[in-house]
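# Summary of the model geometry
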Amino acid sequence: MANKQVLVYKGFERFWHWMQAAFIMFLAFTGFEIHGAYSFLGFENAVRYHNITAYMLIGLVIFAIFWHLTTGEYRQYLPTFKNIMAQLDFYLFGIFRNAPHPTKKTLLSKLNPLQRLTYFFLKIVLIPATILSGLVYLFYRYPSRNAIDAINIGSLKPVAIVHTAGAILLVTFLVGHLYLITTGTTVTSNLKAMLTGYEELEEEEVVEKDGEKP
Ligand code: HEM
């Protein structure tokens, strides 16, 4: 079957992906300094930059939610358990034997079942939990300086635990993500696609997107 270069990731999608990656890495970097893991920017600067970047991430997330809903691209993340074992088997064994990818990447289904599940969890649970706990942390400390009576929070401890656990899981995801980037059709094809937008897909799938029958 002939292959064709296809625009898989649109401009906004790439902008959002890379900005989100940069913000999360910087938030982790400043956050773990606030946590006391090391000293680089100084505690006060780390807090200041952490707060500024947090607001920037929230702004980006609002735009991204709007984009996903209006373009219908959110459907790419709806989880499915179909072929999930085949995908897991590929990552654990097949990949080391040069086996073919068990699921095909198409414009209408860019993510394999494991990616769908992981990104769904990331978007619906992990990122919201980290942002919400961060906001509670922020407004607990600054405007009231002691407690948020409205939501009956008397101690920062559970908030700090959720926020720090969220941060650790996000960093864990990032490490796994860096490895999985290299597992596309070629070692660099996934990275190239997210940089340029284009990836080589089988022609059949291009036709599918255009709505024409082969
Ligand atoms: C976007 C929403 C976020 C907000 C509003 C936010 C806000 C905050 C605030 C107010 C603090 C406490 C600062 C202080 O003690 O003065 C904090 C700490 C921290 N943040 Fe965030 N943050 C956000 C996202 C993130 C992300 C995405 C990460 C990591 C990937 C992260 C990692 C951390 C860590 C590790 C700490 C130290 C926690 C502790 O030791 O208790 N934050 N954050």
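First things first, this report covers the structure right here in the doc. (Residues numbered from 1 in each chain as written. Predicted model: local features only at pLDDT ≥ 70, side-chain atom pairs only at ≥ 80, totals over all residues. Heavy atoms only, no water.)

## Digging into the side chain of T53
To keep it simple, the criterion reads: Numbering of helices and strands starts at the N terminus; helices are DSSP runs of H or I of at least 4 residues and strands are runs of E of at least 2. Here the term buried applies to any residue with accessible area under 20% of the maximum for its type, exposed to any over 50%, and partly exposed to those in between, with areas from a 1.4 Å probe on protein chains only. Any two residues whose heavy atoms approach within 4.5 Å are treated as being in contact.
Within the secondary structure layout, T53 lies in helix α2 (residues 43-71). Judged by its relative accessible area of 6%, T53 falls in the buried class. Setting aside residues up to four positions removed in sequence, T53 forms contacts with F23, F26 and L27.

## Some points on the packing of aromatic side chains
Just so we agree on the cut-off: Classification of ring pairs rests on two measures: the distance between centres of Phe, Tyr or Trp rings, Trp counted by its six-membered ring, which must be within 6.5 Å, and the angle between planes, read as stacked under 30 degrees, edge-to-face over 60 and tilted in between. Look at NZ for Lys and CZ for Arg. If either is within 6 Å of the ring centre and within 35 degrees of the ring normal, a charge sits over the ring.
Tallied over the full model, the rule gives 9 aromatic pairs. The interplanar angle of 45° and the centroid separation of 6.2 Å between the aromatic rings of F12 and F15 together place this pair among those described as tilted. Residue F12 and its partner F15 are both found in helix α1 (residues 11-35); the two are separated by 3 residues, about one turn of the helix. Arranged with centres 6.4 Å apart and planes meeting at 55°, the rings of Y77 and Y119 form a pair that is tilted. Of the two residues, Y77 sits in the loop between α2 and α3 (84-92) while Y119 sits in helix α4 (residues 113-144), which places them 42 residues apart along the sequence. Through a chain of ring-to-ring contacts, the aromatic side chains of F26, F29, Y38, F40 and Y49 assemble into a single cluster. Against the face of Y77 rests K123, its NZ or CZ located 4.0 Å from the ring centre.

## Points about a nonpolar patch on the surface
Under the convention used in this document: Residues with no salt bridge and a relative accessible area higher than 30% make up the patches, which join like charges within 9 Å and nonpolar side chains (Val, Leu, Ile, Met, Phe, Trp, Tyr) within 5 Å. The accessible surface values rely on the Shrake-Rupley method and a 1.4 Å probe; as for residues, cover is taken only from the protein chains in view. The salt bridge criterion pairs a side-chain nitrogen of Lys or Arg with a carboxyl oxygen of Asp or Glu, the two atoms within 4 Å.
A cluster of nonpolar residues, I65, L69, Y74, L78, F120, F121, I124 and V125, forms a patch on the protein surface that exposes about 720 Å² of accessible area. For the nonpolar patch, the secondary structure elements donating two or more residues are α2 and α4. When residues in the nonpolar patch are grouped by element, the largest group, 4 residues, is from α4. For L69, the position within the fold is in helix α2.

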